[in-house]
Amino acid sequence: MPIGAKAIDRSRYRDNPSVLTVLRSPRVLARELLAGIVVALALIPEAISFSIIAGVDPRVGLFSSFIMAVTIAIVGGRPAMVSAATAAVALVIAPVMRDHGFDYFIATVLLGGVIQVALAALGVARLMRFVPRSVMVGFVNALAIFVFMAQIPHLIDVSWPVYALVAAGLVLLWLWPKVTRAVPAPLVAIVVLTGVTVTFSIAVPTVGDQGELPSGLPQLFIPQVPLTFETLGIIGPYAIAMALVGLMESLMTAKLVDEITDTHSNKTRESWGQGVANLVSGLFGGMGGCAVVGQTMMNVRIGGARSRVSTFAAGVFLLILVVVLGDTVGLIPMAALVAVMFLVAASAFDWHSIRPSTLKRMPKSETAVMVITVIVVVATDNLAIGVIVGVIAAMVLFARRVAHFATVERRVEGETAHYRVIGELFFASSNDLTTQFEYSDDPERVVIDMSGSHIWDASTVAALDSITTKYEQRGKRVVIEGLNEASTAMHSRLAGNLGGE
């Protein structure tokens, strides 16, 4: 182990099953493959929808989902997490397609992948430690609402059999696990409802109605754009936005899967894995993407998948379904997939977080951060923006809380006033530090004991400088003592050099 490296206690984690372990166990392999089939079926309508959002042919989104899933299964850092074409990435890069055409669109995807690899090398994944639990809970609840709301358009202006099929699907999804868990309930619901609509010729919206399915394999595509600063100026801002949104959504999803499965994943590997997957996707004319939270929850929670095999299988099955079995897949009623996604939404939502007993015990600031995260995600239709706002809100509320933790105790012994400062001192808590001293009433010698505090920033040093100056203007002498080693170093370096008078 390198000097200074921190050992990770892996005893608290259960190992993810390796590919070899899965292949050696028929039972586990069957579970992973069946989960992959269900995920592949759920990816088809969403990939088509996201292609429409981006303004490209449905084949672009479908091929991108296949390539992203297969690639991330090999190079990613979070087993069982599914990556594919997503709405977040599609929304970010759609203007490039609209204003500059397909070649610039693909060039943006490629540059976005390069930026993600670079960010991984810079250690951006370590920033995940600064995402508080309240933001994670808000992210999970917003995801559930996001998945639920995405199904509503499929229930508007449709015939009554659609509602009957959705209701039947939900009943099947609830009852089937009580019979057996050997075959995933979502797969059973999809097969049964498809059989019913085909047998009885029930006219309802199907997967085939969402867009044309491809009939051939993806081919290598090199965008024909000039390699100039002008091109970089066009695609650069969108590529940066794509990289940041994709990484944030992927790392948040990876952290969520870590908690669900009680296992650890390599976030840095996942970061550059996302970049590599986007590069491969772009090279084959795909629209790129990131982790898809809905299908990942379906894979992990509903399907019980735990390894890379399920993600790889989802990609392979997706290609087989749309290229080889396209006509059959096109018959699947959208009502079946809506029912499955309703189940995913219900399973993903953290119901414990909104129980009255939980809300009563939880600090109001924590609840506020969760609610803010959910509201922003729902309002913007963007999980990444919601997480950013949630983290900022958590920082502001945290600073507001700890701003009142610093206290000052005063006592006078003879010709000396003794002050003891207790608490963490930074820009928020040290702002009113100068108001807690009796400058006029104190004797000529003042001792400030800092042994119960810690200096974190220049604002605190500036506050101490101001206190010293106020006493010196009254002809009194100040002694600051008890600083710990780190505080002494900062105070010695900055005291008297911050421009104060």
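Residues numbered from 1 in each chain as written. Predicted model: local features only at pLDDT ≥ 70, side-chain atom pairs only at ≥ 80, totals over all residues. Heavy atoms only, no water.

## Quick look at the overall build of the chain
Secondary structure summary: the chain contains 19 helices and six strands in total. Each of the three principal axes of the chain carries a C-alpha extent, and together these read 100 × 60 × 50 Å. Among the 501 residues that make up the chain, the fraction classed as buried is 52%. Considering only contacts within the chain whose residues lie at least 6 apart along the sequence, 84% involve residues at least 24 apart. With the model as given, the accessible surface of the chain reaches about 23,700 Å², and the carbon-plus-sulfur share is 63%. (Helix = DSSP H or I, 4+ residues; strand = E, 2+ residues; numbered from the N terminus. Buried < 20%, exposed > 50% of the residue type's maximum accessible area, 1.4 Å probe, protein only. Contact = heavy atoms within 4.5 Å. Areas by Shrake-Rupley, 256 points an atom, 1.4 Å probe, with all protein chains shown as cover.)

## Details of the side chain of serine 307
Along the chain, serine 307 turns up in the loop between α11 (293–302) and α12 (308–323). Polar contacts involving the side chain of serine 307 include one to the side chain of glutamate 32, which spans 2.9 Å. In terms of polar contacts, serine 307 uses its side chain to reach the backbone amide nitrogen of valine 309, at 3.1 Å. Once residues lying within four places of it in the same chain are set aside, the contact partners of serine 307 are Pro17, Val22, Glu32, Pro79 and Ala80. (Polar contact = N/O pair within 3.5 Å; in protein donor to acceptor, adjacent residues only side chain to side chain.)

## Describing the nonpolar core
Core analysis: the largest hydrophobic core is formed by 78 residues, its most contacted members being Ile44, Leu62, Phe139, Leu143, Met298 and Leu318. Once you skip the residues sitting within four places of it in the chain, phenylalanine 139 turns out to touch Met252, Thr253, Leu256, Val293, Thr373, Leu383 and Val387. Counting 21 residues, the second largest nonpolar core, distinct from the first, contains Tyr419, Phe437, Tyr471 and Met490. (Core = buried A, V, L, I, M, F, W, Y, C linked by side-chain atoms within 4.5 Å.)

## Here's the deal with the packing of helix α7 (residues 160–179) against helix α14 (residues 334–348)
At a minimum axis distance of 8 Å, the contact between α7 and α14 shows a crossing angle of 45°. Comparing their axes, α14 and α7 come out oblique. In this structure, α7 crosses over α14, and the sense of that crossing is right-handed. Packed against α7, whose contacting residues are Val162, Leu165, Val166, Gly169, Leu170 and Leu173, the element α14 presents Ala335, Val338, Ala339, Val340, Phe342 and Leu343 at the interface. Split into classes, the residues belonging to the contact of α7 with α14 amount to eleven nonpolar, one polar and no charged. (Axes fitted to C-alpha atoms, helices over the stretch in contact; angles between N-to-C directions. Parallel < 35°, antiparallel > 145°, perpendicular 65-115°, else oblique. Left-handed = near helix turned anticlockwise from the far one by under 90°. Nonpolar A, V, L, I, M, F, W, Y, C, P; charged D, E, K, R; others polar.)

## Some words on the environment of isoleucine 72
Among the structural elements, isoleucine 72 can be located in helix α3 (residues 58–75). Along the sequence, isoleucine 72 and proline 177 sit 105 residues apart, while their C-alpha atoms lie 30 Å from each other. Not counting residues up to four positions away in its chain, the partners in contact with isoleucine 72 are Met81, Ser83, Glu270, Gly273, Gln274, Ala277, Arg308 and Thr311.

## Let's talk about the environment of lysine 267
Note on placement: lysine 267 falls in helix α10 (residues 267–283). With residues near it in sequence (within four places) discarded, lysine 267 still touches Ala125, Leu251, Ala254, Lys255 and Asp258.

## So, the pairing of strand β5 (residues 445–455)
Among the eleven residues that make up β5, eight are buried, leaving the element largely enclosed by the rest of the structure. Two strands pair when backbone bridges link them, and strand β4 (residues 416–425) and β5 are joined in this way by nine bridges, in the parallel orientation. What sits directly across from glutamate 424, in β5, is histidine 454. Crossover handedness for the path β5 to helix α18 (residues 458–472) to strand β6 (residues 477–481): right-handed. (Pairing = 2+ DSSP bridges. Right-handed = clockwise from strand over helix to strand, strands pointing away.)

## Remarks on α12
A rise of 1.5 Å per residue sets the reference length of α12, with its 16 residues, at 22 Å; its end C-alpha atoms lie 23 Å apart and thus fit the reference within 8%. Turning to α12, its buried residues number three or more, namely Arg308, Val309, Ser310, Thr311, Ala313, Ala314, Gly315, Leu318, Leu319, Leu321 and Val322. Against the buried residues of α12 lie α1 (19–24), α2 (26–54), α3, α10, α11 and α13 (326–329). Between the side-chain oxygen at the start of α12 and the backbone nitrogen of valine 309 there is a gap of 3.1 Å, and the oxygen is on serine 307. (Expected span 1.5 Å × (residues − 1).)

## Some thoughts on the packing of aromatic side chains
Here a ring pair, both rings aromatic, is described through the centre-centre distance and the interplanar angle of the planes. Following the criterion strictly, the structure yields nine aromatic pairs and no others. When the centroid spacing of 6.1 Å and the interplanar angle of 20° are considered together, the rings of phenylalanine 102 and phenylalanine 105 count as stacked. Separated by three residues within a single helix, phenylalanine 102 and phenylalanine 105 lie in helix α5 (residues 102–121), roughly one turn from each other. The class for phenylalanine 105 is buried, based on a relative accessible area of 0%. For the ring pair phenylalanine 426 and phenylalanine 427, a centre distance of 5.1 Å and an interplane angle of 90° mean the geometry is edge-to-face. (Phe/Tyr/Trp six-rings, centres within 6.5 Å; stacked < 30°, edge-to-face > 60°.)

## Let's talk about the confidence of the model for the chain
On average, residues of the chain score 88 in pLDDT, and 96% of them are at 70 or above. Here residues 1–14 is a poorly scored stretch, pLDDT under 50, and it has ten contacts once near neighbours within four places are set aside; other chains count. (pLDDT = per-residue confidence, 0-100.)

## Some details on α3
Across its 18 residues, α3 extends 26 Å between first and last C-alpha, which sits within 8% of the 26 Å expected from 1.5 Å per residue. In terms of burial, α3 is largely enclosed, as 16 of its 18 residues are buried.

## Some remarks on a nonpolar patch on the surface
Residues Leu220, Ile222, Leu283 and Phe284 make up a contiguous nonpolar surface patch of about 360 Å² in total accessible area. As for its placement among the helices and strands, phenylalanine 284 is situated in the loop between α10 and β2 (290–291). The class of phenylalanine 284 is partly exposed, set by a relative accessible area of 32%. (Patch = residues over 30% accessible without salt bridge, like charges linked within 9 Å, V, L, I, M, F, W, Y side chains within 5 Å. Salt bridge = Lys/Arg side-chain N within 4 Å of Asp/Glu carboxyl O.)

## Observations regarding the pairing of β6
Note: β5 against β6, five bridges, orientation parallel. Note on β6: the bridge partner recorded for arginine 445 is arginine 477.

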